[in-house]
Every structure is written in structure tokens, then in C-alpha cells.
Amino acid sequence: MSHWVILPVVLPAILAPFIVLAARYHIGIQRVLSVTGVVALIAITSGLAWQAADGTVTLYQLGDWAAPFGIVVVADRLSTMMVLLTAVLSLFVLLYAIGSGWDERGRHFHALYQFQLMGIMGAFLTGDLFNLFVFFEVLLIASYGLMIHAGGNARLRAGVQYVLFNLLGSTLFLFALGAIYAETGTLNMADLAQRVTLIDADATVGIRIASVLLILVFAIKAAVVPLHFWLPSSYAEAPAPVAALFAIMTKVGAYAIIRVYTLVFPPDLTVTEGLHGLWLLPAALISLAIGMVGVLAAKKLDRLVAFAVIGSMGMVMVAIALFSQLGIAAALYYILHSTLAAAALFLITDLVRASRGHLELTTTPPVAGAALTAGLFFVAAIAMTGLPPLSGFVGKLLILDAAFTTPLAVWTWAIILSASLVSVVGFARAGSTVFWKAQSVEPDPEAEPHPAPSALSYAAVGGLVAMLILLTVFAGQVHRYTTTMAEQLFAPDDYISTVLDTPGKLSKPTTEDH
Amino acid sequence: MELLVASAIGILTAAGLYLVLRLRTFPVIMGVSLLTYAVNVFLFSSGRLKVGAPPILSDATNYTDPLPQALVLTAIVISFGMTAVVVMIALGSYLGANDDAVNDPKTDMEEPEDLI
């Protein structure tokens, strides 16, 4: 049995306490350890993605206990792509945190960062619903610490809201898990997939309630309207590198919906038929609309980006709510794009803050490094709003194409296209107010000039933008891969048999009888 | 016993939800604690209510499901840790701003004072 699959969880879990214990007072050593850890994570997760690329489902049984009773970690195409995305994103965000000095403004940034990565990686890799809950809690408790990193009243207040909202979400998650366990007697996802099909058609009340509760929990994580209220304040007030890392956290919710509602409660399952399709698509369309209107209404650049995240999550959820192979393939492509674009925009927002001192959408005199920041903002905004030629445009086309044959196609097309227009106006207004009009204002000779952001900060943001460009150039290959991923998701027999039929230590036939 | 457990879960949940909607940190944290108690009892009952049965397969006719107890234990530990974290953050927020309201202040849009 290969132990590689568990490494993305174990490596940060060991590194984080090591950073706290061994390098507590040495920011330089912390940085070296943290960056080394993340680079190693990229190597490991690339290996896993390579291994899963041909459709192999790799199973790891913790303590060698067989599946329905033991805890399993499963690496298929979808989860390996998500862990690779997390690792790549975390490298650039970490470089930015180091380049901008954010990691020095409070204690234990790097340790919390590693714990956060551990939670995210675990949530993507686990094959067990209760373990998903535990990893959600790991990533949340690390995110609470990161969210209030460097302190400040506004940030602490936003932190209280964020923590309380997520505590309620966790409670709801436990209620859902209890209901599922009461109905089926298992929490292993592959085992559940088999057991829910055996439920009697007359006794589906419990399992239907459980499946709705579960989608509510994941919708909270994915910030689907009307469960998005935690997101704008917390993402806007969080330190910029943390907000950029949080760009993957909303995707954890989207991933969980894809995983659970293709494997455990697939759309053709009679027990829960029509439950999520009926509600999820309208909610997703409303999130898309509200997010983009929020972009137009925002008075500060950080709120603007936070609403753009809600809008892009709406777009992802529209594609997921179609629950077709085309839709899921488009959603997965868009997840890659929107994670990178949102992270780049949060970091660019911080570049603006570093050189201007505030984020109000008002015109101020030109500042150091404005030309480069404006250029990066221009590229990232084009990507985020989905204008050609960047990946947002490709992703949106794929989603429109997937929605073309569905009953709500007119509504979907109308809302996606008009929301895009609104977001283009919102970003264009923000960009021209902050960057372009700056030339028309006389600089105040009394004012203390802010120093330009460091080269490493620019390199990190440039790296994210370069990833977006790569995602555009190789759109064909990436989309072909996400299509095979969707095929694997809609034919879960291989996943289920790998998880359930692999023998563990007590199920192995022994030669001698005890 | 079913009635007792079910009504206990219901009352704890109702009281918790009421307190969560109070918009002051102390009642909200109390409410979240009540909700976690409710969910712990709920998890217990998900393995069916049975009295006087061992949680091991000693004889196959009379046993109780041991898994919910493990789940409850995990849930208790996690909710305990989370409550401690939220108390600390809420205390920091209260001492910093001299205000324990959970919702955003009305002047939220016009206070660029502590941007870091």
C-alpha cells in the first residue's frame, strides 16, 4: 500500500508544530520551512495527480482497517486536481505574504498557514463524511487564527461574525450527519452510495431531510445566496494573503457538493429526486446576480473583490446545479480559473493598499508602482469578469454551452450574460477611478510617499496571473481532462468497488485458524 | 424515553436559536453552546436509544451501536475548542471596540481608521 496519498495531510500537520516549537522567534527559519513545505506539497500533489490521470482510484486505509469501519483516504482525478490547485495557490500566496511582510505583523502566521493547508488537503482527500466534518473543523480553526492575524478592531469584529456563522454551519453539519447515520448506519461515502439505493420508497423522509441539510451546509461554505452573509466582511477584513488563500475555501464547499451529490445522492436517485435540482439552480443564479450587483455597488476595492468571489461562486454553482457531465466539466474548469483569479485580485488589492494607504474608490494622486499594479489589475479583472481572451471567457462559454439544452436555458443565459456586463462595468469603474484618473490629480507635496511594494510581491501576483494565462493557453487540454473527471464522477462504480472491496487487516484470509 | 430525549433536543435547539438571534456576543455564544449540546444528544439518538446494553458485540442479540458515542466524543472536543476560540476572539473584539454587538455598526462604510 502506497503511503503517498496521506502525505499532503501529514506533511503540513508535522511541519506546523515543528515551526511553532523550533522556529518560534526566527521568522527567517519559519519562512524557509514554510516555503520548503509548500514546494514539497506541490511535488507530492503533482505526483498524485499524475497517478490519478489515467483514471486509477488510489485508496489508503488508515491503520489498514477495511473501508466501512476504518477511515479511508481516496485519491481520484477530482480530488488530486483540487489538492494540486491548493498547493500551487498556496505557494504564490505564501510568497506574497513573505514579500509584503504580512507574516511578520502577528505571530504564528506560518504555523497556522500549514494547519490551514492540512485541513483543506484532508477535506479534498477524505472518503468519509464524518472525516470531512473533522477536516472542515481543522481548516476552520486555522482560518479563525489567520483571519484575525495582525488584529485591529474591524478585523476582530468581522472575525467574530465569521467564527459564529461557521460554528452554526458546523452544528448543522452534525445534525445532517446524525440524520444520515440514523437512516443508513454508515458515514463512509462509498458505502452510503450503496445503502441509500436500498432505502424503501415509503420511508425516505429522514434521508431527504438529511440530504437537504447537507446541501445547506455545503452551500454555506460555498457562499450561495442567501447563505453568503459571512463572506463579504470576513474576506474584505482578513489580511490580503489570507483572503487570497480563502479563495480555495469556498471551492471546498463546491467540491463537497460535487462529490456527495454525484456519489451518494446522484441526480437519478429516486429517493432524493428533484430535491437539489429544484432549489440549487435558482439560488446559484441569484448568487451570480447579487454578487455582480455587489461589485457595482461596492465603495471599497476589497468589498468589490469579495462580491466578485460571490458572483464567481454563483457561476460555479450554476454549472454544478445542471448536474450533467458537460456542466460538471465546465464547473471544474471554472473552479480552477476563479480560484486563481480571485486570489490574484485580493493580492492586487493589497498592492493598492500598500501604495495608497486606503482602499476607498476615490481618485488619489499617482503612487509608486502604480503602472505595474494597474496592469496586473487590468489583466486579473479581464479574467474575473470573463472578457476574452482570458480563461474566464473560456469557462463562461463552457458553462453557457452546458446550459444550452436545459429547461431553464433562457434564464441561465440571460442572467449569466447580464451579470457579466454588470461586473465589467463595476470593474471598469473601479479601475478607472483608482488607476486611470490618478494622473489628473496634483500630488500633495506635504504627503509622506508610501514605498513601492517589493519585487517578491509583484512576482507572486505575476505568478498567479501567469497561471491564468497558462490556463487559457492550455484550455483545450484542461477541459479534456475535466471532462474525463466528470465521466469518472458519473460512473462511480470503480470508486465504490475500490473503497469497499479492498481488504483490510482483519478481513485478510489467514492461513492458520485461531 | 423517546419523548424525553426528543423534547430535550427540541427545547435545547429552540432556546439556542433564540439566543443566537440576540446579536450580542454573550447570548450568541450561549446559544451556540446550547445548539452544540442539542446536536450531541441528537447524535447519541442516531444510534437508537437502548438502555442497559453493552457497546460491544458480546452476544449478538443485545448490544448498542458504539459508533455514535465516538462521534459524540469528537463533536464535544471540537465544539469545546471552537467555543474557547470564539470566546477569546469576542473578548478581544469587545475590549478593543468597547462594544459587544455582533452585527456591523451603521457607520461601517465611513470608518477607514484602522486599516492596516
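Sequence order as written defines the numbering, with residues in each chain counted from 1. Chain labels run from A onward and ligand labels from 1 onward, assigned in the order the entries are written. Local features are withheld for residues below a pLDDT of 70 in this predicted model, meaning they are given only at 70 or higher, and side-chain atom pairs are given and counted only at 80 or more; totals for whole chains, interfaces and linings count all residues.

Asker: Explain the overall build of chain A to me, using residue names and the numbers behind them.
Answerer: In DSSP terms, a helix is any run of H or I states spanning at least four residues, a strand is any run of E spanning at least two, and both are numbered starting from the N terminus. Scanning chain A from N- to C-terminus turns up 19 helices and 2 strands. Computation of the radius of gyration draws on C-alpha atoms alone. For the globule rule, the value is 2.2 Å times the number of residues to the power 0.38. A compact globule built from 514 residues would reach a C-alpha radius of gyration of about 24 Å, and chain A, at 23 Å, matches this within 12%. Across its three principal directions, the C-alpha atoms of chain A cover 90 × 60 × 40 Å. To sort residues by exposure, count the other C-beta atoms lying within 10 Å of each residue's C-beta; 20 or more gives buried, 12 or fewer gives exposed, and values between give partly exposed, all with C-beta atoms placed from the backbone. Residues classed as buried in chain A amount to 59% of the 514 residues present.

Asker: Residues and numbers for the overall build of chain B, please.
Answerer: Within chain B one finds 3 helices and 0 strands. Reading the secondary structure of chain B in the N-to-C direction produces α-α-α. For chain B, the proportion of its 116 residues judged to be buried stands at 28%. For the purpose of contact definition, each residue receives a C-beta atom placed from its backbone, and two residues are in contact when these atoms lie within 7 Å. Counting contacts in chain B only where the partners sit at least 6 residues apart, residues at least 24 apart contribute 52% of the total.

Asker: Give a detailed account of the packing of helix 3 (residues 77-100) of chain A against helix 13 (residues 325-356) of chain A, specifying residues and quantitative values.
Answerer: Helix-helix packing is characterised by the crossing angle of the two axes and by the distance between the axes. All names here are of chain A. Where helix 3 meets helix 13, the axes come as close as 11 Å, and the angle between the chain directions of the two elements is 5°. One finds that helix 3 runs roughly parallel with respect to helix 13. Listed contacts from helix 13 to Leu85, Leu89, Val93, Tyr96 and Ser100 of helix 3 are Leu336, Thr339, Leu340, Ala343, Leu347, Asp350 and Ala354. Grouping the amino acids of the contact of helix 3 with helix 13 by side-chain chemistry returns 9 nonpolar, 2 polar and 1 charged. Under this scheme, a helix contributes an axis fitted over its contacting stretch, all axes are lines through C-alpha atoms, and angles between N-to-C directions fall in the 0 to 180 degree range. For classification, angles of less than 35 degrees are called roughly parallel, those exceeding 145 degrees roughly antiparallel, those between 65 and 115 degrees roughly perpendicular, and all remaining angles oblique. For this scheme, ten residues count as nonpolar: Ala, Val, Leu, Ile, Met, Phe, Trp, Tyr, Cys and Pro. Four count as charged, namely Asp, Glu, Lys and Arg, and the remainder, Gly too, count as polar.

Asker: Describe in detail the environment of Met384 of chain A, supporting the description with residues and values.
Answerer: All names here are of chain A. For Met384, the location among the structural elements is in helix 14 (residues 370-385). Given 28 C-beta atoms within a 10 Å radius, Met384 is considered buried. With 140 residues separating them in the primary sequence, Met384 and Ala244 have C-alpha atoms 14 Å apart. When sequence neighbours within four positions are dropped, the list of residues in contact with Met384 reads Ala308, Ser312, Ala341, Leu345, Gly392 and Phe427.

Asker: Any chance you could break down the interface of chain A and chain B for me, citing the residues and the numbers?
Answerer: Where interface size is quoted, it is often the accessible area lost as the parts come together. Each side of the interface is counted separately: chain A has 31 residues, and chain B has 32 residues. Among the secondary structure elements, those contributing two or more residues to the side of chain A that touches chain B are helix 5 (129-147) and helix 6 (153-184) of chain A. In terms of residue count, the dominant contributor to the side of chain A that touches chain B is helix 6 of chain A (17 residues). Broken down by class, the residue content of the side of chain A that touches chain B amounts to 17 nonpolar, 8 polar and 6 charged.

Asker: If you had to explain helix 1 (residues 7-22) of chain A to someone new, which residues and values would you point to?
Answerer: Residues and elements named next belong to chain A. For a helix, the expected span equals 1.5 Å multiplied by the number of residues minus one. Helix length check: helix 1 (16 residues) gives 21 Å between terminal C-alpha atoms against 22 Å at 1.5 Å per residue, within 8%. Buried within helix 1 are the following residues: Pro8, Val9, Pro12, Leu15, Ala16 and Ile19. Angular distribution of buried residues about the axis of helix 1 spans 145°; they occupy a single face of the element. Relative to its buried face, helix 1 has exposed residues pointing more than 90 degrees away, namely Pro17, Leu21 and Ala22. Elements in contact with the buried residues of helix 1: helix 2 (27-52), helix 3 and helix 4 (109-125). Think of it as the arc spanned by the lines of direction from the helix axis to the C-beta atoms.

Asker: Before we move on, could you go through helix 7 (residues 189-196) of chain A and cite the residues and values that matter?
Answerer: All names here are of chain A. For helix 7, the tally of buried residues reaches 6 of 8 residues, placing the bulk of the element in the interior. Taken together, the buried positions of helix 7 are occupied by Met189, Ala190, Asp191, Leu192, Ala193 and Val196. Looking at the buried positions of helix 7, the neighbouring elements they touch are helix 5, helix 6, helix 8 (205-221), helix 10 (240-263) and helix 19 (493-501).

Asker: Could you give me a rundown of the nonpolar core, with the residues and numbers involved?
Answerer: Any set of buried Ala, Val, Leu, Ile, Met, Phe, Trp, Tyr and Cys residues joined through C-beta atoms within 7 Å is what this text calls a nonpolar core. Counting residues in hydrophobic clusters, the biggest one holds 232 residues, and the most contacted among them are Ala344, Leu347 and Ala380 of chain A. Of all the elements, helix 13 of chain A adds the most residues to this core, at 21 residues.

Asker: Run through the confidence of the model for chain B, naming residues and quoting values.
Answerer: All names here are of chain B. Overall, the predicted model of chain B reaches an average pLDDT of 84, with 87% of residues at or above 70. Helix 1 (residues 2-20) holds the highest mean pLDDT among the elements of chain B, 94, whereas helix 3 (residues 67-97) holds the lowest, 90. Listed scores for the predicted complex are pTM 0.92 and ipTM 0.89. Summary of the metric used: pLDDT quantifies the predictor's per-residue confidence within the range 0 to 100.

Asker: Explain the environment of Thr433 of chain A to me, using residue names and the numbers behind them.
Answerer: All names here are of chain A. Structurally, Thr433 is set in helix 16 (residues 409-436). On the basis of neighbour count, Thr433 is assigned to the partly exposed category, with 16 C-beta atoms found within 10 Å. Distance in space between the C-alpha atoms of Thr433 and Met485 is 42 Å, their sequence separation being 52 residues. Beyond its immediate chain neighbours, meaning those up to four positions away, Thr433 contacts Leu361, Thr362 and Thr363.

Asker: Run through unusual backbone geometry, naming residues and quoting values.
Answerer: Residues and elements named next belong to chain A. Cis peptide bonds are those with omega within 30 degrees of zero, and the linkage from Val225 to Pro226 qualifies with 5°. You can see Pro226 is positioned in the loop between helix 8 and helix 9 (231-237). Geometrically, the link from Pro388 to Pro389 is a cis peptide bond, its omega value of 10° lying close to zero. Here Pro389 is to be found in the loop between helix 14 and helix 15 (391-403). Despite not being glycine, Asp64 shows a phi value in the positive range, around 60°. You can see Asp64 is positioned in the loop between strand 1 (58-61) and strand 2 (72-75). For Asp64, a count of 14 C-beta atoms within 10 Å gives the class partly exposed.

Asker: Quick rundown of the pairing of strand 2 of chain A? Include the residues and the values.
Answerer: Residues and elements named next belong to chain A. Here strand 2 shows a buried face lined by Val72 and Val74 and a second buried face lined by Val73 and Ala75. Bridge count for strand 1 against strand 2 is 4 bridges, and the pairing is antiparallel. Residue Gln61 lies in a different strand from strand 2, and its bridge partner there is Val72. Strands qualify as paired when DSSP identifies two bridges or more between them.

Asker: Could you give an account of the packing of helix 7 of chain A against helix 19 of chain A, naming the residues involved and the relevant values?
Answerer: Residue and element names in this part refer to chain A. Their axes nearest at 8 Å, the elements helix 7 and helix 19 cross at an angle of 115°. Between helix 7 and helix 19, the angle falls in the class roughly perpendicular. Like other packed secondary-structure pairs, helix 7 and helix 19 cross with a definite hand, here left-handed. Residue-level inspection shows Ala190, Asp191, Ala193 and Gln194 of helix 7 in contact with helix 19, the latter providing Tyr495, Ile496, Val499 and Leu500. In terms of residue class, the contact of helix 7 with helix 19 is built from 6 nonpolar, 1 polar and 1 charged. Here a crossing is taken to be left-handed if its near helix is turned anticlockwise relative to the far helix by less than a right angle, and right-handed if that turn runs clockwise.

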